[in-house]
Amino acid sequence: MSFKLITIIVIVLGVLAVSQLVRLYELSSKLRNRREEDVTNRDNKLNANLLLAFMIFFYAGFIYLMTEYGWTGRGDAASIHGETTDWLLNLNFIIIIAVFFLTNTLLFGFAWKYVRKPGVKAYFYPHDNKLELIWTVVPAIVLAVIIILGLKTWNGITGDSAKEAIRIELFSKQFDWTARYSGEDNVLGKYDYKLTTAENELALLTEATLDSAIRYMEFGKADSTVLGIKLLENKLNNPKNIFIPEDRIKMETDLDRKTRLLRLLYQMKARHNAKLDASAYDDILQKDTLHLLKGKEYEISFRAKDVIHSAYFPHLRSQINTVPGQVTRLKVTPTISTKEMRVRKNNPNFNYVLMCNKICGSAHYKMKMIVVIDSPQQYNAWLKSKTTFKDDYLKPVAVATDSTVVASAVVDSTKLGM
Amino acid sequence: MSAITHDTHGHHDAHDHHDHHEETFISKYIFSQDHKMIGKQFLITAVFMGLVAMLLSLLFRIQLAWPGESSDFLSLFLGETWAPGGILKENMYLGLVTIHGTIMVFFLLTGGLSGTFSNLLIPLQLGARDMASGFLNMVSYWLFAVSSVIMLVSLFIETGPAMAGWTIYPPLSALPQAVEGSGLGMTLWLVSMTLFIAGSLIGSLNYIVTVLNLRTKGMSMTRMPLTIWAFFVTAILGVLSFPVLLSAAVLLMMDRLAGTSFYLSDIIVGGEMLENHGGSPLLYQHLFWFLGHPEVYIVLLPALGLSSEIISTNARKPIFGYRAMIGSILAIGFLSFIVWGHHMFVTGMNPFLGSVFVFTTLLIAIPSAVKVFNYLTTLWRGSIVFTPAMLFAIGLVSTFITGGVTGIILADSALDIAVHDTYFVVAHFHIVMGMSAVFGMFAGVYHWFPKMYGRMMNTRLGYAHFWVTIVGAYGVFFPMHFVGLAGAPRRYYDYSVYNEFDTNTYEMMLDLNVIITVFAIIAAIGQIIFLFNFFYSIYRGPVAVQNPWKSNTLEWTTPVEHVHGNWPGALPVVHRWPYDYSKPGAEEDYILQTVPLAEGEEEH
């Protein structure tokens, strides 16, 4: 408290001191018959010199930052298109840094040089068509070059990927990523968000997931943390139950919503083609770490469960937003394995990363996935350790440790029977 | 129109009888319909909002430089609710960032620049008695004031202010389950912005009508000062683009309250499966940026207009290429409507559409370059007087260049991929839009203070303010380029995540963040000099003379004491353009616009 008191006293005294100084300055100006708008030659010269000094300080700071931190703090680009964009970025940087130095130097230089001098009148120079034409046409030509090179690169990056590209999907939600590999058939299984259950977080579409989603909608969670339609109806229709109006309205809304969603699920079931299940069953799900194979082209599609996220691979120079209700995509070919990059960066603990780069809620800053770029041997070893969606989903959980798993195991046992 | 003339006649009669026009405190200072007073109201409100936004930025800058460390400063302002133990809460960090951005862009830079100076200068520089509609002008200010209050109130509610970033992208902004600020805080944000937009529209329509209809005799469009051209085009941009933001906000409001699905589709949030299907979050982004990009120029053009006037006056030279300057203002205004997609290169928008926006965006660099070179040539062989206003105007040209060139990287979609939404972007727009516009605003305040308050601001304090501000602000935003190039995403509460995969980069970010925050604190303290100077000079500054800067434009022909109707006698008649500085053959180095051409004199 005393600290705050002292701060306040210092501030008050400071303001008083400044106002006294200003008074003093004004009185002395009055004595010398100097008006506030008359800038003395001394002040004028001082500011002109300061502008020049500032320019030098500014440039020195820029050069210091450049030498200290470089212009790509992310290190070398680790993808084919990243090498192209880094080259283009460097070219653009050379152009804009040249313009930056040229125009800032002219600005501060002129300001310094043409400060008012006694007896020198300004030069009346309202316009010059030739000059104006030059500085319209020259930037236009430079920009044309930038545009052409930029668009050529952009078209290459965003174009279709090769047929044999490996298809994977990244699923984003608050606040983590899940990868889905398309498996042996290189086809990602279909999905629908309405199929989401605790055991099927990615909402993949198969006969069994459809049935389990319908059951879930009808009967809710076994531990009654989520009420199904049947239980809601029972509760609401039971004359013995008395609810406060808010609760009743809430339950009724919930019931209506679930009834409509259930209808959609039944429609989906009626149209379902069970032949497509295979493409979903061989998919491989992977959390925490994304394994990519060096030198292979990837066609990655993206989904979002709740809000917009952005998949940002700073080292691969790739980025695309993930949008609820819409699939986005990018293609990328990694060129440097994690091991090689660790040597280049001289950091044995370095890893590639996938970060979320669109504000998505409180833990936005922690939403990341480590990316490992493997050599074929490492990649195959990892792949062998993985199970498919079929293995994970159709096998009932044998050992249940916590309550949620117990609950889901009950639902699981119904899945196979239907 | 007839009502206005009638009103001013009545006033003249009173004046002739040495009997002062009776105005109550309320009609003079609160519900004033006089454009000069409304301009001052806008200025003071905007400055206050700007201070709040600056304080918010200090709060989150402290967190970024010293993450997780307890701070007395934070606990003083945020208390135990939002900064338990002096450590900022994650959600409040997002809230601070969101409200900082909103206030700075809309309340300080739009209200403070266009609101203040369009009101003050349009009638004065055109030779009009007042705005076309004084009443609507008053309404425009009061809508602005009420929206400011609502925005501030949203900082104090239990669930906190809006937390979805100043662009409030749905679904985050539509779903309270996703972040608590999307509850009442977001509703207040939308209500506040709705009022703001209404006020801004009324104001803009008024500016346009005034410029088109109330120019005095001889004031043709090509004799208008560049300030007026800038305000005029700004107002047109506002009229065409703000309603689109309103429509975006209304649709968002309906998604939030009425269960529609404009922006929502296939969402599961907080364990609840929503029914919304078929909406597109990209629709919101298109609508938002259709305003959002012209908004950049709504902020920037007035600053450029003010600096054109100030640079010309204080270099004692005509602005170089007057017609080219008008042309570039019009070109920038037009192009600003067809470039919005460059904010959306990586949102999942069709890449072909992206390439069209690359093309249009890079075109804007041409009129911008023309403006810069014209400023440089205006300084060339001038006789420069460094008033504080002139220093800020020169600072503006520097920041316009420095921030402008990095725009070329960001406008190039292929290059944008790797730096999109990183600190590189934050650096870019804070320098080119934030610093330039704030410098333009300061330049305007120093230059037209004598016109607003009839007194002079202290020059020496002005110098001190300028030097602290330019060093501090460049010190904040220049290093951010390097943080961004290292890949640091914006709107991160801290960068501890880097510890898990790249410790070297983490150290670098931490180093730079400390430097940035120290400069931010210096720059913020520097603004105290301005505040002191501003308020002290309103009451105690030396009384101004009629034309302190020896300027040509009409506002300097009005008496120092404000009169309702601006000119006590007949309206001035204009005979020449406003930039006859140091004209050969003339006695003085300036010729007022009201001076008829001498025999054989060419217009220019």
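Enquirer: Even after reading the chapter, I still don't get the overall build of chain B, so can you show me in this structure?
Expert: When you go through chain B residue by residue, the secondary structure sums to 16 helices and 2 strands. Here the C-alpha radius of gyration of chain B, 25 Å, is about what a compact globule of 604 residues would show, namely 25 Å. Taken along the three principal axes of its C-alpha coordinates, chain B extends 80 × 50 × 50 Å. Taken across its 604 residues, chain B has 63% of its residues classed as buried. The contacts of chain B with a sequence gap of at least 6 include a subset with a gap of at least 24, amounting to 79%.

Enquirer: Can you help me understand the overall build of chain A in this one?
Expert: The helix and strand tally for chain A stands at 12 helices and 10 strands. In terms of overall dimensions, chain A is more spread out than a globule: its C-alpha atoms have a radius of gyration of 33 Å, far above the 22 Å expected for 418 residues. Taken along its principal axes, the extent of the C-alpha atoms in chain A is 100 × 60 × 50 Å. Across the 418 residues of chain A, 33% fall into the buried class. A sequence separation of at least 24 residues applies to 67% of the contacts in chain A between residues at least 6 apart.

Enquirer: Can you walk me through helix H6 (residues 134-153) of chain B in this structure?
Expert: Counting along an α-helix, one turn takes 3.6 residues, and residues three or four places apart therefore face a common direction. All names here are of chain B. Relative to the 28 Å expected for 20 residues at 1.5 Å per residue, H6 spans 29 Å between its end C-alpha atoms, a close match to the ideal helical length. Among all positions in H6, only Gly134, Asn137, Met138, Ser140, Tyr141, Leu143, Phe144, Ser147, Ser148 and Met151 are buried. Its buried side turned inward, H6 meets helix H3 (35-65), helix H5 (90-126) and helix H7 (184-213).

Enquirer: I tried to follow the interface of chain A and chain B on my own but got confused; where do I start?
Expert: Taken together, the 103 residues of chain A in the interface contact 112 residues of chain B. At 14 residues, helix H4 (residues 129-158) of chain A tops the list of elements feeding residues into the side of chain A that touches chain B. Residues that form the side of chain A that touches chain B fall into these classes: 56 nonpolar, 31 polar and 16 charged.

Enquirer: Even after reading the chapter, I still don't get the confidence of the model for chain A, so can you show me in this structure?
Expert: Confidence in the prediction for chain A averages 88 pLDDT; 93% of positions are at 70 or higher. In this model, residues 398-418 of chain A is a region of pLDDT below 50 whose contacts with residues beyond four sequence positions or in other chains number 29 contacts.

Enquirer: Whenever I open this one, the sheet that holds strand S6 (residues 309-313) of chain A confuses me. Can you help?
Expert: Strand pairing within a sheet occurs via backbone hydrogen bonds; the two strands may be parallel or antiparallel. All names here are of chain A. Read from one edge of the open sheet, 5 strands run S4-S10-S9-S6-S7, paired in mixed fashion. The open sheet has two edge strands with one neighbour each: strand S4 (289-293) and strand S7 (318-322). In this sheet, neighbouring strand axes are inclined to one another by 20 degrees on average, regardless of whether the strands run parallel or antiparallel. Summarising the sheet, strand S9 (residues 352-356) and strand S10 (residues 368-374) pair through 4 bridges and their orientation is antiparallel. Residue pairing across strands places Val353 opposite Ile370, the latter belonging to S10.

Enquirer: Please explain the nonpolar core as it appears in this structure.
Expert: Soluble, globular proteins show a tendency: their nonpolar side chains are buried together. Counting 290 residues, the largest nonpolar core has Leu354 of chain A together with Leu172, Phe232, Met390, Phe392 and Ala443 of chain B as the members making the most contacts within it. A per-element tally of this core places H5 of chain B first, with 20 residues. When sequence neighbours within four positions are dropped, the list of residues in contact with Phe392 of chain B reads Phe439, Phe442, Ala443, Tyr446 and Phe466 of chain B.

Enquirer: Even after reading the chapter, I still don't get the confidence of the model for chain B, so can you show me in this structure?
Expert: In low-pLDDT segments, the atomic positions of the prediction should not be examined closely. The pLDDT averaged across chain B works out to 92; a share of 96% of its residues lies at or above 70. Reported confidence for the predicted complex is 0.92 by ipTM and 0.92 by pTM.

Enquirer: How do you make sense of the sheet that holds strand S2 (residues 176-181) of chain A when you look at a structure like this?
Expert: Residue and element names in this part refer to chain A. On the basis of which strands lie adjacent, the open sheet formed by 5 strands has the order S3-S2-S1-S5-S8 and mixed pairing. Sheet topology places strand S3 (284-287) and strand S8 (328-332) at the edges, where each strand pairs with a single neighbour. Geometrically, the sheet is characterised by an average inter-axis angle of 25 degrees between neighbouring strands, direction not taken into account. Bridge analysis of S2 against S3 gives 4 bridges, and the strand direction is antiparallel. Residue pairing for S3: Tyr181 is matched across the bridge by Ile284.

Enquirer: Could you clarify how one ought to interpret H4 of chain A in this entry?
Expert: Taking 1.5 Å per residue as the helical rise, H4 of chain A with its 30 residues ought to reach 44 Å, and the 42 Å between its terminal C-alpha atoms agrees with that figure. For H4 of chain A, every residue scored as buried is listed here: Pro139, Leu143, Ile146, Gly150, Thr153, Trp154, Ile157 and Thr158 of chain A. In this structure, the buried residues of H4 of chain A make contact with helix H3 (80-113) of chain A together with helix H11 (351-379), helix H12 (388-411) and helix H13 (413-419) of chain B.

Enquirer: Would you take a moment to explain the packing of helix H15 (residues 459-485) of chain B against helix H16 (residues 503-540) of chain B for this structure?
Expert: Angle between the axes and distance between the axes: these two values describe a pair of packed helices. Residues and elements named next belong to chain B. The interhelical angle for the contact between H15 and H16, taken along N-to-C directions, is 160 degrees, at an axis separation of 8 Å. Classified by the angle their axes make, H15 and H16 are roughly antiparallel. For H15 against H16, the interelement crossing comes out left-handed. Counted by class, the contact of H15 with H16 contains 19 nonpolar, 7 polar and no charged residues.

Enquirer: Looking at this structure, how should I read the environment of Leu195 of chain A?
Expert: Residues and elements named next belong to chain A. Summarising the element assignment, Leu195 is placed in the loop between S2 and helix H5 (207-219). On the basis of neighbour counts, which here come to 23 C-beta atoms within 10 Å, the residue Leu195 falls in the buried class. Spatially, the C-alpha atom of Leu195 lies 9.4 Å from that of Tyr216, the residues being 21 residues apart in sequence.

Enquirer: Which parts of the structure should I look at to understand the pairing of S2 of chain A?
Expert: The side chains of a regular strand alternate, first on one face of the sheet and then on the other. Residue and element names in this part refer to chain A. As paired strands, strand S1 (residues 166-173) and S2 are joined by 6 bridges and run antiparallel to one another. Looking across to S2, one finds that Phe171 is bridged to Thr178. Between S1 and S2, which follow one another and run antiparallel, lie 2 residues.

Enquirer: Any chance you could explain the environment of Ala303 of chain B here in plain terms?
Expert: All names here are of chain B. Considering the arrangement of structural elements, one finds Ala303 in helix H9 (residues 281-315). In sequence terms Ala303 and Gly462 are 159 residues apart; their C-alpha atoms lie 18 Å from each other. Every residue in contact with Ala303, bar those within four places of it in the chain, is listed here: Leu113, Leu396, Ser436, Ala437, Gly440 and Met441.

Enquirer: When you look at unusual backbone geometry in this model, what are you seeing that I'm missing?
Expert: One can expect most non-glycine residues to show negative phi and most peptide bonds to be in trans. The amide bond that connects Gln174 of chain A to the next residue, Phe175 of chain A, takes the cis arrangement and shows omega of -5 degrees. On the secondary structure map, Phe175 of chain A appears in the loop between S1 and S2. Cis geometry is adopted by the peptide bond preceding Pro171 of chain B, which originates at Pro170 of chain B and carries an omega value of 5 degrees. Note on placement: Pro171 of chain B falls in the loop between H6 and H7. Here Arg491 of chain B, not a glycine, exhibits a phi torsion of approximately 60 degrees, which is positive. By secondary structure assignment, the location of Arg491 of chain B is in the loop between H15 and H16. A positive phi angle, close to 50 degrees, is found at Lys550 of chain B, a residue other than glycine.

Enquirer: Teacher, can you tell me more about the packing of H5 of chain B against helix H14 (residues 423-453) of chain B here?
Expert: Residues and elements named next belong to chain B. The interhelical angle for the contact between H5 and H14, taken along N-to-C directions, is 35 degrees, at an axis separation of 11 Å. Seen along the crossing, H5 lies across H14 with a hand that is left-handed. Residues Met104, Leu109, Gly112, Leu113, Phe117 and Leu120 of H5 pack against Gly434, Ala437, Gly440, Met441, Gly444, Trp448, Lys451 and Met452 of H14. Each residue belonging to the contact of H5 with H14 can be placed in one class, and the counts come to 9 nonpolar, 4 polar and 1 charged.

Basis of the calculations
- Residues numbered from 1 in each chain as written.
- Chains lettered and ligands numbered in written order.
- Predicted model: local features only at pLDDT ≥ 70, side-chain atom pairs only at ≥ 80, totals over all residues.
- Helix = DSSP H or I, 4+ residues; strand = E, 2+ residues; numbered from the N terminus.
- Rg over C-alpha atoms; globule rule 2.2 N^0.38 Å.
- Buried ≥ 20, exposed ≤ 12 C-beta atoms within 10 Å, placed from the backbone.
- Contact = placed C-beta atoms within 7 Å.
- Expected span 1.5 Å × (residues − 1).
- Nonpolar A, V, L, I, M, F, W, Y, C, P; charged D, E, K, R; others polar.
- pLDDT = per-residue confidence, 0-100.
- Pairing = 2+ DSSP bridges.
- Axes fitted to C-alpha atoms, helices over the stretch in contact; angles between N-to-C directions.
- Core = buried A, V, L, I, M, F, W, Y, C linked by C-beta atoms within 7 Å.
- Parallel < 35°, antiparallel > 145°, perpendicular 65-115°, else oblique.
- Left-handed = near helix turned anticlockwise from the far one by under 90°.

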